[in-house]
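So the chains spell out like this:
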Amino acid sequence: MDHFLSLSALDDATLGRLLARARAAVRRPLGEALRGKVVGLVFQDPSLRTLASTQAAAAQLGGSSFVLQPGRGTWGLEVRDGVVMDGAAAEHVREAVPVLGSYADALGLRAFAGLADLAEDLSEPMLSAFVRYAGRPVINLESAFDHPCQALADWQTLDHFGVPAAGGRFVLSWAWHPKPLPQAVPAAVVAMAARRGMEVTVLRPEGFDLHPSVYARAAAEARRGGGSLTVTADREAALAGAHVLYAKSWAALPAWQDTAADAALRAPLLGDWCVAPEWFANAAPEARFMHCLPVRRNVVVADAVLDGPRSVVLTQAAHRLSAAKAVLTELLAPETAIEAS
Ligand code: CP
């Protein structure tokens, strides 16, 4: 594995090895696989789990890490070529990224969608620049349209709870949120569940479709993994027999050009798209509630669900640590025996 950018970029053998490493990282004593190694982490956007779990993983494996936040104590980074740099950005990625690559053995990047220019977000310019200039393995710590670290931890969580793969019903539901959010987690988890062989349903109000490329990727993963993909606004039908309800809010596609259009679409949905216990009325008896966190209580999901027995959000978050160890070991110490991870 040269980089960790997307689960969809991995062949079955590599993905299977990552999952095995993640399982082993939970079960077994920690090794020193990363002794002397440094992981450089660049966070263009906020984080709790991704930042803390990646740093903790590096430390527990005997390595170390540094964190930079461009624009906050670190020079703002310019990614466009050929521009006159007379704005806020003081340093170009053409210099900054190879410099960081000369200090670190791997670089991680978090760079959300800007939600201003859809074509630009789809091209993942900052992540692409890191891959081009780092000279080191690059880890996607959430980009505009992917979050493979979350997806790996979520796959591990589904396995952990014995959620069926073939025949398992995975529902990703849009949820209300006061502002438009990127489609990275939705894109990552529907592709993950489809690749796992699950029957995936995207439940969303009219107007809130995921980008066509997200559906196309999930459909391709379903063909590869034996799953399926359905899109609907019918909540009762979507949740009948569901094994997983994964909630997440995301921006309507018009939001990329016009946040007022997004606001107009979401305003009338307030109150009706907060996951409540009744949503599980016809779900499988053992149905689980999932969310990547952070989550707004009683906006995205009711306390009764989040604090109830169906919720596995804390296990998902705990698996971010074992998933991070799996990724770091696979990239920087692939010879490490999985049994000794
Ligand atoms: N789920 C997740 O990526 O959390 P953070 O944004 O806190 O890193």
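Here we summarise the structure given alongside this text. (Residues numbered from 1 in each chain as written. Predicted model: local features only at pLDDT ≥ 70, side-chain atom pairs only at ≥ 80, totals over all residues. Heavy atoms only, no water.)

Comments concerning the overall build of the chain
- Within the chain, the secondary structure is distributed over 12 helices and 11 strands.
- The C-alpha radius of gyration computed for the chain amounts to 20 Å, which stays within 12% of the reference 20 Å derived for 341 residues, consistent with globular compactness.
- A principal-axis box enclosing the C-alpha atoms of the chain has dimensions of 55 × 50 × 35 Å.
- For the chain, with 341 residues in total, the buried portion stands at 55%.
- Across the chain, every contact between residues at least 6 apart in sequence was considered, and the portion connecting residues at least 24 apart equals 81%.
- Across the chain, the mean location of the 31 positive side-chain charges is 6 Å away from that of the 35 negative side-chain charges. (Helix = DSSP H or I, 4+ residues; strand = E, 2+ residues; numbered from the N terminus. Rg over C-alpha atoms; globule rule 2.2 N^0.38 Å. Buried < 20%, exposed > 50% of the residue type's maximum accessible area, 1.4 Å probe, protein only. Contact = heavy atoms within 4.5 Å. Lys, Arg positive; Asp, Glu negative; His and termini not counted. Charge placed at Lys NZ, Arg CZ, Asp CG, Glu CD.)

Here we look at the packing of aromatic side chains
- In total, this model carries 5 aromatic pairs according to the counting rule given.
- Both rings, one in Trp-273 and one in Trp-279, keep their centres 6.1 Å apart while their planes meet at 85 degrees; by these two values the pair is edge-to-face.
- Linked through ring pairs, Trp-174, Phe-208, Trp-273 and Trp-279 together constitute an aromatic cluster. (Phe/Tyr/Trp six-rings, centres within 6.5 Å; stacked < 30°, edge-to-face > 60°.)

Focus: the site of the ligand
- Near the ligand you find Ser-47, Leu-48, Arg-49, Thr-50, Arg-110, His-147, Gln-150, Cys-292, Leu-293 and Arg-320, and these make up its full shell.
- A distance of 2.8 Å is found between an oxygen atom of the ligand and a side-chain nitrogen or oxygen belonging to Arg-110.
- Look at the ligand: alone it shows 250 Å² of surface, and the protein chains cover 94% of it.
- Taken together, the residues of the shell around the ligand sort by class into 3 nonpolar, 4 polar and 3 charged. (Near = heavy atom within 4 Å. Polar contact = N/O pair within 3.5 Å; in protein donor to acceptor, adjacent residues only side chain to side chain. Areas by Shrake-Rupley, 256 points an atom, 1.4 Å probe, with all protein chains shown as cover. Nonpolar A, V, L, I, M, F, W, Y, C, P; charged D, E, K, R; others polar.)

What about the packing of helix H6 (residues 148-160) against helix H12 (residues 313-332)?
- Running from N to C, H6 and H12 cross one another at 115 degrees; their axes reach a closest spacing of 8 Å. As H6 runs across H12, the sense of the crossing is right-handed. The residues of H12 that touch H6, namely those facing Cys-149, Gln-150, Leu-152, Ala-153, Asp-154, Gln-156, Thr-157 and His-160, are Thr-315, Gln-316, His-319, Arg-320, Ser-322, Ala-323 and Val-327.
- For the contact of H6 with H12, the class distribution of residues is 5 nonpolar, 8 polar and 2 charged. (Axes fitted to C-alpha atoms, helices over the stretch in contact; angles between N-to-C directions. Left-handed = near helix turned anticlockwise from the far one by under 90°.)

A short note on the pattern of salt bridges
- The full count for this structure, using the stated rule, is 18 salt bridges.
- Three or more residues are tied together by salt bridges with common partners; here these are Asp-12, Arg-195, Glu-221 and Arg-224. (Salt bridge = Lys/Arg side-chain N within 4 Å of Asp/Glu carboxyl O.)

Some thoughts on the sheet that holds strand S11 (residues 288-290)
- Within the open sheet, the 5 strands sit side by side as S9-S8-S7-S10-S11. Their pairing is parallel. The sheet is open, and its two borders are formed by strand S9 (228-232) and S11, each paired with just one other strand. Each adjacent strand pair in this sheet contributes to an overall mean axis angle of 20 degrees, direction not counted.
- Pairing between strand S10 (residues 244-248) and S11: 3 bridges, direction parallel. (Pairing = 2+ DSSP bridges.)

Regarding H6
- For H6, with 13 residues, the first-to-last C-alpha span of 18 Å sits near the 18 Å given by 1.5 Å per residue.
- Of all 13 residues making up H6, 11 are buried, and the element is well covered by its neighbours.
- Among all positions of H6, only Pro-148, Cys-149, Gln-150, Ala-151, Leu-152, Ala-153, Asp-154, Trp-155, Gln-156, Thr-157 and Leu-158 are buried.
- Looking one or two residues past H6, Gly-162 carries a phi angle of roughly 70 degrees, positive in sign. (Expected span 1.5 Å × (residues − 1).)

Focus on the environment of Pro-254
- Within the fold, Pro-254 resides in the loop between S10 and helix H10 (259-266).
- Separated by 136 residues in the primary sequence, Pro-254 and Leu-118 have C-alpha atoms spaced 9.3 Å apart.

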